[in-house]
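# Remarks on the overall topology
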Amino acid sequence: MAGQCGLKLAVSLITAHFGDLVAKVCSCLLRRGTLTLQEIIRFTELSSSQVKNCLLVLIQHNCVQAFSTPRPAGPGGVAKAVTQYMALFDNILHRMRFAKFLAVIREDLGPQACVAHVRSRLGLDAGVVLEAMIESSGQQKAKDETPGNI
């Protein structure tokens, strides 16, 4: 379990990257441990759709992991799987160094290979985000290099 300062840092990173609602869901998971969707809704006092959207963002960015556990069969004899969510503390802290990781990969492999590498490691969504980041940084660099810009 992470210390209080570590939890505060993780929550502040999520707040800076995704906003207060996503941070509230992440904070709940970090402080209370593995929870079901209904428990997250109850503890955060957010609507079901807000919590689902926040979990979607956190899962896409590999900050939360979803997994199913079988629930024992009740009187009807039907076993049901329950989805639980767990915050990935280390992955959240790695977000601080994400720009450095990308810079090293981009320097070693070039921009297109960097996108391919990120897609293979982090998934398609991360690759799309990275392509947009590279494109916008290229546009910013071109703007900065235009004569007359200070």
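Here goes a summary of the coordinates provided. (Residues numbered from 1 in each chain as written. Predicted model: local features only at pLDDT ≥ 70, side-chain atom pairs only at ≥ 80, totals over all residues. Heavy atoms only, no water.)

### Brief notes about the overall build of the protein
When you go through the protein residue by residue, the secondary structure sums to eight helices and three strands. Listing each helix as α and each strand as β along the protein from the N terminus yields α-α-β-α-α-β-β-α-α-α-α. Counting the 150 residues in the protein, one finds 29% classified as buried. Within the protein, residue pairs in contact and separated by at least 24 positions form 46% of the contacts whose partners lie at least 6 positions apart. Accessible area of the protein: about 9,700 Å², with a carbon and sulfur share of 56%. (Helix = DSSP H or I, 4+ residues; strand = E, 2+ residues; numbered from the N terminus. Buried < 20%, exposed > 50% of the residue type's maximum accessible area, 1.4 Å probe, protein only. Contact = heavy atoms within 4.5 Å. Areas by Shrake-Rupley, 256 points an atom, 1.4 Å probe, with all protein chains shown as cover.)

### Some points on helix H6 (residues 98-109)
When the terminal C-alpha atoms of H6 are compared, their 16 Å separation across 12 residues agrees well with the 16 Å that a helix rising 1.5 Å per residue should span. Backbone geometry just after H6 places glycine 110 at a positive phi near 90°. (Expected span 1.5 Å × (residues − 1).)

### Brief notes about the packing of helix H2 (residues 20-32) against helix H4 (residues 48-60)
Packing of H2 against H4 brings their axes to within 9 Å, and their N-to-C directions diverge by 80°. Relative to H4, the element H2 lies roughly perpendicular. Along the contact surface, H2 presents Leu21, Val22, Val25, Cys26 and Leu29, while H4 presents Gln50, Val51, Cys54, Leu55, Val57 and Leu58. In the contact of H2 with H4, the residues fall into 10 nonpolar, one polar and no charged. (Axes fitted to C-alpha atoms, helices over the stretch in contact; angles between N-to-C directions. Parallel < 35°, antiparallel > 145°, perpendicular 65-115°, else oblique. Nonpolar A, V, L, I, M, F, W, Y, C, P; charged D, E, K, R; others polar.)

### Overview of the sheet that holds strand S2 (residues 64-71)
An order of S1-S3-S2 is seen for the three strands of this open sheet, with the pairing classed as antiparallel. Each end of this open sheet is capped by a strand with a single partner; those strands are strand S1 (35-36) and S2. Here eight bridges tie S2 to strand S3 (residues 80-87), and the two strands are oriented antiparallel to one another. Bridged to arginine 71 within S3 is lysine 80. On the sheet, H4 packs against S2 and S3 and is oriented at approximately 110° with respect to S2. (Pairing = 2+ DSSP bridges.)

### Some words on the side chain of threonine 36
Along the chain, threonine 36 falls in strand S1. The class of threonine 36 is buried, set by a relative accessible area of 15%.

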